[in-house]
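Breakdown of the fold
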Amino acid sequence: MNDMIEYIVKRLFAGIFVILAVTALLFGIMQLMPGDAIQLVSSPRVPAERIAELRAIWGLDKPVYIQYFYWISRIMQGDFGTSIVSGQKVLTLVMERLPYTLMLTGGALLVQYIVAIPLGLIAANRKNSFLDHSIVAFTIGFWSIPPFWLGILLMIIFGVWLKVLPISGYSGFKSVILPLMTISLPGLAGVLRLTRSDVLEVLREKHVETAYAKGMNKSSVLVRHVLRNALIPVSVMFFLNLPWTIGGSVVIETVFAWPGIGPLLWKSITSQDFPVVQGIVFIIAILTVVSNILGDIVAAFLDPRVRQELKGEVI
Amino acid sequence: MNKSNLFKEFIRNKTFMLGFVIFLSIILLAAFADNIAPFSYDEMNVQNKLLSPNEKYRFGTDQYGRDILSRVIHGSRIALKVGLIVVAIETVIGVSLGLVAGYYGGKLERMVLFFTDLTWSLPPIIMALAIVTMLGPSLNNVIIAIAVVSWAQFTRVVRVKTQAIKSLPYIEAARAFGENDLNIMARYILPNVLSSIIVLSTLALPTAILSTTSLGFLGLGSQPPDPDWGLILKEGIAFINQAPWISIFPGLAIVYTVLGFNLLGEGLRDIMDPRLKA
């Protein structure tokens, strides 16, 4: 258990370091842009002395690394700055929309796992059957469909032709169905393929043969010996997929005009609203690093071999 | 494996052959777009706007009366061009970092690993969006953004292979003969990782095309009136009720292309480097 705590602490420190590096990189990128925040908001008629004064107040006359330090310490206090376009606090803007995004991505991941794990088990168990081949073909097919176009296609089928579901905005439960399907289907293919190959791998192991030799019946071997081991990578994948799913949902939310952070990010990019872009990217970076750490911890918790392998080695 | 056996294996691999046929058809479509397409991609004809698919306009027309079929055909050029450039940049960055990290090891390797980890610490689409925000929306900037966020997989594979190769006796021999490091990397190590690089590049192509069409769909890539498939889909979504065909055909073109390259890549991998299947 001490191993475990040491490992978690090391992982957390590495995570903080990665967050600092990512944000420094982002901050550096934003610094490369022509002009600064003062020039963006002030008109050319503002006298130069006043601009210099404002620069001093905002700390923009200091070297870049000092500015980065200021920025980080403001973020620590929950101050992500103010939107150039709407004048609202960035944190307020994001927090209004984040629950909708999390609802969509959380729901999509849940649907993926509930559908994909049994299907993957079936496909592996009947390897090379017609069912197995069609499941594999289905996964390659879904990798080739741009997710945003899948959304458009579902809109046309269920919204335009069948007229049974709303195609944009948020107006209760019915609005959730199409975006949720669009986000979960491509990832579902991935989880399915992973479950299938993991189960196949475990099926080849000695302890499964032993279980059969002891006279256990097939279904209890499958559940107690195979699935339990095969699910380790699959559950780690859950955490690694979470940020990817949020990233993908940015585009899909825009397709469906979903009130999440996706359309906000898109609007802020097209209107050059840098503080909002910076804030959203920062929050997604934190979510990513945290879920990666959670994934590693879960892996180490479920599988002692991983703990042994990673002992002492971080990053 | 001698050459004629390898050739036979290519022919026998159904995944590869299907992918190869699709790949050829797209190359031909892009090369002869001017001859194949019935109209030019930006010819407007307002009387014929939003026509459903018919004899003259097989895929229908858009809000300016432009022929969707011709736009989709010309779009194959943009998709191919972008895909190839992105993959070329990715390959050069990724492979050289991987070679250097694997060959020299030590601090240099740790630094390269840190950068690869960094590009993985954000979802690629978010990182690409941040870069496009900085550079401004245009097709060239999208190419840069996508290449910058997706080289890391090349580095990972090449680094591991280089490490394994550099301790082999023939590298020792080359060093004893006084070959310099650059020569050893380029002439003795690179040829041995080439098959992995070919497979990885082929598999990176569909991903690159998917990412550019996503950014094009958001209006951050090609600008009107370019027949970028993603951009056509963006323009079509406003007319999804009256003219759903605008939103269907460019999507089918993307799926056809990406599926073709995926099959080609999977086939190549099974033949040339089955161990890459992770």
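**A short note on the overall build of chain B**
A count of helical and extended segments in chain B gives twelve helices and zero strands. In sequence order, chain B lays out its α and β elements as α-α-α-α-α-α-α-α-α-α-α-α. Across its three principal directions, the C-alpha atoms of chain B cover 75 × 50 × 30 Å. Evaluated residue by residue, chain B yields a buried proportion of 45% over its 278 residues. Contacts in chain B between residues far apart in sequence, at least 24 positions, make up 69% of those at least 6 positions apart.

**Topic: the overall build of chain A**
Looking only at helices and strands, chain A features 13 helices and zero strands. Along chain A, helices (α) and strands (β) appear in the sequence α-α-α-α-α-α-α-α-α-α-α-α-α when read from the amino end. When its C-alpha atoms are laid out on the principal axes, chain A stretches across 90 × 60 × 30 Å. When each of the 315 residues of chain A is scored for burial, the buried share is 34%.

**Looking at the interface of chain B and chain A**
Often the size quoted for an interface is simply the accessible area lost on bringing the parts together. Listed as interface residues are 32 residues of chain B and, on the opposing side, 40 residues of chain A. Mapped by element, the contributors of at least two residues to the side of chain B that touches chain A are helix 5 (106-119), helix 6 (124-135), helix 10 (181-217) and helix 12 (245-272) of chain B. Take the side of chain B that touches chain A: its biggest share by element is eight residues, from helix 12 of chain B. Considered class by class, the residues forming the side of chain B that touches chain A number 22 nonpolar, nine polar and one charged.

**Focus: the packing of helix 7 (residues 147-161) of chain A against helix 12 of chain B**
The N-to-C vectors of helix 7 of chain A and helix 12 of chain B enclose an angle of 145 degrees; their axes lie 10 Å apart at closest approach. Our pair here, helix 7 of chain A against helix 12 of chain B, has a crossing hand that is left-handed. Contacts between helix 7 of chain A and helix 12 of chain B pair A:Trp149, A:Ile152, A:Leu153 and A:Ile156 from the former with B:Ser247, B:Ile248, B:Gly251 and B:Ile254 from the latter. Along the lines of polarity and charge, the residues of the contact of helix 7 of chain A with helix 12 of chain B split into six nonpolar, two polar and no charged.

**A few points about helix 7 (residues 139-149) of chain B**
Buried residues of helix 7 of chain B: B:Leu139, B:Val142, B:Ile143, B:Ala145, B:Ile146, B:Ala147 and B:Val149, and no others. In the core, the buried residues of helix 7 of chain B are packed alongside helix 4 (68-104), helix 5, helix 6 and helix 10 of chain B.

**Looking at the environment of B:Ala253**
Residues and elements named next belong to chain B. Structurally, Ala253 can be placed in helix 12. Counting along the chain gives 180 residues from Ala253 to Ile73, while the straight-line C-alpha distance between them is 8.6 Å. Aside from chain neighbours lying at most four places away, what touches Ala253 is Val72, Gly75 and Trp229.

**Description of the nonpolar core**
If you look at the biggest cluster of nonpolar residues, it comprises 138 residues, and the most contacted ones within it are A:Ile280, A:Val281, B:Ile126, B:Ala128 and B:Ile146. When residues of this core are assigned to their parent elements, the largest contribution, 15 residues, is made by helix 4 of chain B. Viewed by domain, this core spans two of them, domain 1 (1-85 + 274-315) and domain 2 (98-270) of chain A, each represented by three or more residues. The residues contacting B:Ala128, other than those within four sequence positions of it, are B:Ala145, B:Ile146, B:Val149, B:Ser211 and B:Leu215.

**Focus: the domain arrangement of chain A**
Residue and element names in this part refer to chain A. Assigned domains within chain A: domain 1 (1-85 + 274-315) and domain 2 (98-270). Taking only C-alpha atoms into account, the centre of domain 1 sits 30 Å from that of domain 2. Its residues assigned to classes, the side of domain 1 that touches domain 2 comprises nine nonpolar, four polar and one charged.

**Comments concerning the environment of B:Ser4**
Among the structural elements, B:Ser4 can be located in helix 1 (residues 3-12). For the pair B:Ser4 and B:Asp62, spaced 58 residues apart in sequence, the C-alpha to C-alpha distance is 50 Å.

Scoring rules and cut-offs
Residues numbered from 1 in each chain as written. Chains lettered and ligands numbered in written order. Predicted model: local features only at pLDDT ≥ 70, side-chain atom pairs only at ≥ 80, totals over all residues. Helix = DSSP H or I, 4+ residues; strand = E, 2+ residues; numbered from the N terminus. Buried ≥ 20, exposed ≤ 12 C-beta atoms within 10 Å, placed from the backbone. Contact = placed C-beta atoms within 7 Å. Nonpolar A, V, L, I, M, F, W, Y, C, P; charged D, E, K, R; others polar. Axes fitted to C-alpha atoms, helices over the stretch in contact; angles between N-to-C directions. Left-handed = near helix turned anticlockwise from the far one by under 90°. Core = buried A, V, L, I, M, F, W, Y, C linked by C-beta atoms within 7 Å. Domains from an automatic or database assignment.

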